[in-house]
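Chain by chain, the residues:
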Amino acid sequence: MEAIEIIGTGSYVPPLVVNNRDLSKIVDTSDEWISSRTGIKKRRISEGENTSDLGAKAAINALKNANIEALDLDLIIVSTISPDQFMPSTACLIQDKIGAKNAVCFDISAACSGFVYGIEIATNLMNGGKYQKALVIGAEVLSKILDWKDRSTCVLFGDGAGAAILSFGPGKGILHTKLGSDSEKWESLTCKSMALENPYLKEDVIKKEKNSNLKIAMNGKDIFKFAVNIIKLCIQEILEETGYNIEDIKYVVPHQANLRIIEFAAKKLGVDVEKFYMNLSEYGNTSGASVPIALDEMNRKGLLKKGDKIILVAFGGGLTYGCSLIEW
Ligand code: ACO
């Protein structure tokens, strides 16, 4: 029986490189603080491209890598917390930009776990029999939802997009995906939307809504603890459920939030941190785009050989988490 495989990857990041020293001219920070706390050295920032522009370019690169045409796609799923607009979806905008006329398109909201959520949704829809070729994209222009006066958040994030094309093939492909959501701590990581506004609002509501923060706000310590624990738990559980050992896994591709989170998680698992692929020093945290950007970089570098087993693992706002065990 054929399984669902990743047959192509692509990514795109805006050309402007902003390093830690550049940021120290905007907020009271330093390369030393950012590097030592997070491992981040640089990030890419959009000078005008929006989320669908980045996503479309990543999609075109993935189509080339998979050697298929946009018209072959029958499903496009975009994970984003920074859509171009509320309507239409970023997936529809990307469909138009790449000419994927035959695809069903929609966005999902699972923050930094979004790409793994997208993989799970796409594989389930494909296994239902109606879809043959899916494009899953994580695309973010986080720079537009950052508070550039808040040094505790604006130094952490970057813009970018990554994409993968899923199709049926002879390999084992996507072996197992596990998702979870834990909303008890949802307030640890937020970005609010438009305030309530209508002629019938109550006075106390109007006051409250005026203070609405439309930018990313985070309790870093809560997220740190959550992330370290959930990476460990996700990896242990997916290995248990599939019958593999960590030694069978060539790479873990984690959400690229923070070097220290990944180092702590690796230590808790008793695994060499070298098994975790990281490029966060170059791009910072690009939320739902971080895993597919890393995957594409690994693919282009030739790090992934047929038969290699990898685990994608992500965590983020919601709080959400997920992991996927894939045989390349
Ligand atoms: N530059 C200089 N000083 C700073 C900066 C900055 N950019 N940001 C905060 N500080 C200061 C604070 O004001 C504070 O100063 P004070 O002691 O005088 O009050 C001091 O540094 C320590 O602040 P903390 O918040 O306690 O710093 P902490 O050691 O916890 O590190 C960090 C903060 C790096 C955010 C950490 O909590 C962390 O890694 N959290 C994980 C969050 C994360 O990675 N989120 C990514 C997004 S979420 C996601 O992707 C799921």
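Each remark here, short or long, concerns the structure printed above.
Residues numbered from 1 in each chain as written. Predicted model: local features only at pLDDT ≥ 70, side-chain atom pairs only at ≥ 80, totals over all residues. Heavy atoms only, no water.

Student: Report on the sheet that holds strand S5 (residues 104-108), specifying residues and quantitative values.
Tutor: Taken together, five strands build an open sheet; the order of strands is S1-S7-S6-S4-S5 and the sheet is mixed. In this open sheet, the two edge strands, each paired with only one partner strand, are strand S1 (3-12) and S5. Averaged over all adjacent pairs, the angle separating strand axes in this sheet is 20°, with direction ignored. As paired elements, strand S4 (residues 75-79) and S5 share five bridges and run parallel to each other. From the neighbouring strand, valine 78 faces S5, where its bridge partner is aspartate 107. Seen against the sheet, helix H11 (residues 290-300) touches S1, strand S6 (133-140) and strand S7 (160-169) and runs at an angle of roughly 95° to S1. (Pairing = 2+ DSSP bridges. Helix = DSSP H or I, 4+ residues; strand = E, 2+ residues; numbered from the N terminus. Axes fitted to C-alpha atoms, helices over the stretch in contact; angles between N-to-C directions. Contact = heavy atoms within 4.5 Å.)

Student: Provide a residue-level description of the pattern of salt bridges, including the pertinent values.
Tutor: Applying the stated criterion across every chain yields a total of 13 salt bridges. Here glutamate 241 ties to lysine 178 by a salt bridge, and the two come within 3.0 Å at their closest N and O atoms. You can see glutamate 241 sitting in helix H8 (residues 220-242) and its partner lysine 178 sitting in strand S8 (residues 173-181), a full 63 residues away along the chain. For the salt bridge of glutamate 297 with lysine 301, the shortest nitrogen-to-oxygen distance reads 3.7 Å. Through salt bridges with shared partners, one network takes in Lys172, Lys309 and Glu327. (Salt bridge = Lys/Arg side-chain N within 4 Å of Asp/Glu carboxyl O.)

Student: Lay out the packing of helix H3 (residues 51-66) against helix H4 (residues 90-98) in plain terms, naming residues and giving numbers.
Tutor: Running from amino to carboxyl end, H3 crosses H4 at an angle of 55°, the nearest separation of the two axes being 9 Å. Between H3 and H4, the interaxial angle falls into the category oblique. Every pair of crossing elements has a handedness; the one defined by H3 and H4 is right-handed. Residue-level inspection shows Thr51, Ser52, Asp53, Gly55, Ala56, Ala59, Ile60 and Leu63 of H3 in contact with H4, the latter providing Thr90, Leu93, Ile94, Lys97 and Ile98. Residues belonging to the contact of H3 with H4 are distributed by class as follows: seven nonpolar, four polar and two charged. (Parallel < 35°, antiparallel > 145°, perpendicular 65-115°, else oblique. Left-handed = near helix turned anticlockwise from the far one by under 90°. Nonpolar A, V, L, I, M, F, W, Y, C, P; charged D, E, K, R; others polar.)

Student: I'd like a rundown of the sheet that holds strand S11 (residues 251-254), residues and numbers included.
Tutor: Taken in spatial order, the four strands make up an open sheet running S8-S13-S12-S11, and their pairing is mixed. Unpaired on one side and paired on the other, S8 and S11 mark the two borders of the sheet. Put simply, the sheet's adjacent strands are angled 15° from each other on average, direction ignored. In terms of strand pairing, S11 meets strand S12 (residues 309-316) through four bridges, oriented parallel. Directly across from valine 253, in S12, lies its bridge partner leucine 312.

Student: Just give me the short version of the environment of alanine 164, but keep the residues and values in it.
Tutor: Note that alanine 164 resides in strand S7. For alanine 164 and alanine 62, which are 102 residues apart along the polypeptide, the C-alpha to C-alpha distance reads 6.1 Å. When near neighbours in sequence (up to four residues on either side) are disregarded, alanine 164 contacts Ile6, Gly8, Thr9, Phe115, Ala134, Leu135 and Val136.

Student: Residue-level account of a nonpolar patch on the surface, with values.
Tutor: Residues Phe86, Met87 and Met194 make up a contiguous nonpolar surface patch of roughly 440 Å² in combined accessible area. Mapped onto the elements, phenylalanine 86 comes out in the loop between S4 and H4. (Patch = residues over 30% accessible without salt bridge, like charges linked within 9 Å, V, L, I, M, F, W, Y side chains within 5 Å. Areas by Shrake-Rupley, 256 points an atom, 1.4 Å probe, with all protein chains shown as cover.)

Student: So, unusual backbone geometry: which residues are in play, and what are the values?
Tutor: Going from methionine 87 to proline 88, the amide bond is cis rather than trans, its omega being -5°. Within the secondary structure, proline 88 sits in the loop between S4 and H4. Of the consecutive residues glycine 318 and leucine 319, the connecting peptide bond is found in the cis state with omega at -5°. You can see leucine 319 is positioned in the loop between S12 and strand S13 (320-327). Even without glycine at this site, serine 287 takes up a positive phi of about 50°. Looking at serine 287, the relative accessible area reads 1%, which means it is buried. (Buried < 20%, exposed > 50% of the residue type's maximum accessible area, 1.4 Å probe, protein only.)

Student: Please give an account of a positive patch on the surface that cites residues and values.
Tutor: Residues Arg37, Lys185, Lys221 and Lys225 make up a contiguous surface patch of positive charge. Accessibility expressed as a relative area gives 55% for lysine 225, which makes it exposed. (Lys, Arg positive; Asp, Glu negative; His and termini not counted. Charge placed at Lys NZ, Arg CZ, Asp CG, Glu CD.)

Student: Go over helix H9 (residues 259-269) with me, naming the residues and quoting the values.
Tutor: Within the span of H9, buried status applies to Ile261, Ile262, Ala265, Ala266 and Leu269. The buried residues of H9 all sit within an arc of 130° when viewed along its axis, so they share a single face. Where the residues of H9 are buried, they touch H8, S11, helix H10 (280-283) and S12. Its side-chain oxygen placed 2.8 Å from the backbone nitrogen of arginine 260, asparagine 258 serves as the N-cap of H9. Backbone geometry just downstream of H9 places glycine 270 in the positive-phi region, at approximately 70°. (Arc of directions from axis to C-beta. Polar contact = N/O pair within 3.5 Å; in protein donor to acceptor, adjacent residues only side chain to side chain.)

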